[in-house]
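Tertiary structure, described
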Number of protein chains: 2
Amino acid sequence: MTGDAERRRREICRRAARIFYEKSFEGASMQEVAKAVGLTKAGLYHYVGSKEKLLFEIMNYGMDILDEAVLSRVAKIEDPMEKLKQTIAGHIHLIVHTRDLETTVILHENRTVRGPLRKKINARKRAYIEHLEGLVSAVQKEEGGPKISPRLAAYALLGMINWLYQWYDPSGPVKEDELARTFTQIFLGGLRNPAPITQSTS
Amino acid sequence: MTGDAERRRREICRRAARIFYEKSFEGASMQEVAKAVGLTKAGLYHYVGSKEKLLFEIMNYGMDILDEAVLSRVAKIEDPMEKLKQTIAGHIHLIVHTRDLETTVILHENRTVRGPLRKKINARKRAYIEHLEGLVSAVQKEEGGPKISPRLAAYALLGMINWLYQWYDPSGPVKEDELARTFTQIFLGGLRNPAPITQSTS
């Protein structure tokens, strides 16, 4: 796609995401989306195919920006620990970066995309989890062998970060760098020295 | 409320939650909910007041079961570390306990409840965060003073656990006790020995 067409596609995804976020996918009409992006309803259908395909495009766009904010930024870092830290910082930055908030939220409302489109989005999500899991494994290897499941650790990290949109207020007292530092301290601290839990620890 | 009335209220909440979960709040009709709970539409309105009040009731029920699954079970435990462990285990149990999955998911879709009802739910959510925050502080005190923000740690824990509904499959290979153990190891490990992140750690 040319730069202009790509910018246009992203603009439509962002605006549609905002409307779906506010009114829910079922509650919003294609008429409203068309108006918000300056197209006729027929023009919008011509452009995106269907309401479900539009939702898929938004999700796909959500994964594109996750790849850009995280994967492409850390691709050249060799040290696993540093790569994991930058992954955490990049992902947090994406979530608290309000311009794309609606897109990242909609990414997780995947009940309404079905069939092959759903499989495509799930494959991209899986690739991201595998990125996290690979980093966790590499860090554990450097620190003397695995202690806890890299996959469960990857999901724990993903939850810590993705849950931000439920509570984090960028205009509040906690700044993004404090957030990134604290989450990194907890997660990496837990990876390096998992708490013993079979006996009482007090 | 009598035991029977309370059971009936919970049953309605659970069935309505399932419908709202499947079709979204905006996409589901009160007619469908009425049919599912064996009432006429007029009967349902008489019983719950409005669609928005029904959603509020579901959320309130979600907080009731969280209180029962977690707060009331740990109320008598004195040791902060043990109390935190049991809080984690109880909360995970609630999330992976599929009977109430829809209710706990809907609890976080709070865009559609407004005004005083929203304030009530948010106050109950805040009380839960304060419970977690208090436990984190108490554990830090026992371990030699706070190292990281108890509030941010509380939200990190909440995210790890609440995100489970996005990916965890109770019929898959990971059993609930492994999940609880791993999350506890990561979180408590991170609390006790937060990773240093100002200098390179490799």
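What comes next is a walk through the structure.

1. Section: the pattern of salt bridges
A full pass over the atoms with the stated rule returns 26 salt bridges over all chains. For Glu11 of chain B, the salt bridge goes to Arg15 of chain B, with nearest N and O atoms at 2.6 Å. One end of the pair, Glu11 of chain B, and the other, Arg15 of chain B, are both in helix α1 (residues 3–23), four residues apart, so they sit about a helical turn from each other. What you see here is one network of salt bridges that share partners, running through Glu6, Arg9, Arg10, Glu57, Asp64, Asp67, Glu68 and Arg124 of chain A.

2. Observations regarding the relation of the copies chain A and chain B
Once chain A has been moved 0.0 Å along the axis and rotated by 180°, it coincides with chain B to within an RMSD of 0.0 Å. What the rotation and shift describe, once combined, is the action of a two-fold rotation axis. Relative to the rotation axis, the C-alpha of Gly190 of chain A is the closest in chain A, positioned 2.0 Å from it.

3. Observations concerning the packing of helix α1 (residues 3–23) of chain A against helix α4 (residues 51–74) of chain A
All names here are of chain A. Where α1 contacts α4, the two axes come as close as 9 Å, and the packing angle between them is 110°. In terms of axis orientation, α1 runs roughly perpendicular to α4. Pair α1 / α4 crosses with left-handed handedness. Across the interface between the two elements, Arg9, Arg10, Ile12, Cys13, Arg14, Ala16, Ala17 and Phe20 from α1 touch Lys51, Leu54, Leu55, Glu57, Ile58, Tyr61, Asp64, Ile65 and Glu68 from α4. Classifying every residue of the contact of α1 with α4 by side-chain character gives ten nonpolar, no polar and seven charged.

4. Brief notes about the environment of Ile186 of chain B
Tracing the sequence through the fold places Ile186 of chain B in helix α10 (residues 176–192). Measuring from C-alpha to C-alpha, the distance between Ile186 of chain B and Met160 of chain B comes to 10 Å, with 26 residues separating the pair along the chain. In contact with Ile186 of chain B, not counting residues within four places along its chain, are Ile148, Ala153, Ala156, Ile186, Phe187 and Gly190 of chain A.

5. Some thoughts on the interface of chain A and chain B
Across the contact, 49 residues belong to chain A and 50 residues belong to chain B. For the pair chain A and chain B, the two sides together bury roughly 4,300 Å², of which 65% comes from carbon and sulfur. There are zero salt bridges connecting chain A and chain B. Linking chain A with chain B are four residue pairs in polar contact (both at pLDDT 80 or more). Here the side of chain A that touches chain B gets 13 residues from one element, more than from any other, and that element is helix α10 (residues 176–192) of chain A. Among the residues forming the side of chain A that touches chain B, the class breakdown is 23 nonpolar, 16 polar and ten charged.

6. Description of the nonpolar core
In this structure, Leu164, Leu179 and Phe187 of chain A together with Leu164, Leu179 and Phe187 of chain B are the most contacted members of the largest nonpolar core, which totals 139 residues. Each residue touching Phe187 of chain B, except ones within four places of it in the same chain, is listed here: Ile186 of chain A together with Leu84, Ile88, Val136, Ala153, Leu157 and Met160 of chain B.

7. A few points about the side chain of Thr182 of chain B
Tracing the sequence through the fold places Thr182 of chain B in helix α10. A relative accessible area of 4% places Thr182 of chain B in the buried class. Beyond its immediate chain neighbours, meaning those up to four positions away, Thr182 of chain B contacts Ile148 and Leu152 of chain A.

8. Focus on the environment of Ala89 of chain A
All names here are of chain A. By the secondary structure assignment, Ala89 is in helix α5 (residues 80–96). Classification of Ala89 as partly exposed rests on a relative accessible area of 28%. In this structure, the C-alpha to C-alpha distance between Ala89 and Thr40, residues 49 residues apart in sequence, is 40 Å.

Calculation notes
Residues numbered from 1 in each chain as written. Chains lettered and ligands numbered in written order. Predicted model: local features only at pLDDT ≥ 70, side-chain atom pairs only at ≥ 80, totals over all residues. Heavy atoms only, no water. Salt bridge = Lys/Arg side-chain N within 4 Å of Asp/Glu carboxyl O. Helix = DSSP H or I, 4+ residues; strand = E, 2+ residues; numbered from the N terminus. Least-squares fit on C-alpha atoms with pLDDT ≥ 70 in both. Axes fitted to C-alpha atoms, helices over the stretch in contact; angles between N-to-C directions. Parallel < 35°, antiparallel > 145°, perpendicular 65-115°, else oblique. Left-handed = near helix turned anticlockwise from the far one by under 90°. Contact = heavy atoms within 4.5 Å. Nonpolar A, V, L, I, M, F, W, Y, C, P; charged D, E, K, R; others polar. Buried area = accessible area lost by both parts, 1.4 Å probe. Polar contact = N/O pair within 3.5 Å; in protein donor to acceptor, adjacent residues only side chain to side chain. Core = buried A, V, L, I, M, F, W, Y, C linked by side-chain atoms within 4.5 Å. Buried < 20%, exposed > 50% of the residue type's maximum accessible area, 1.4 Å probe, protein only.

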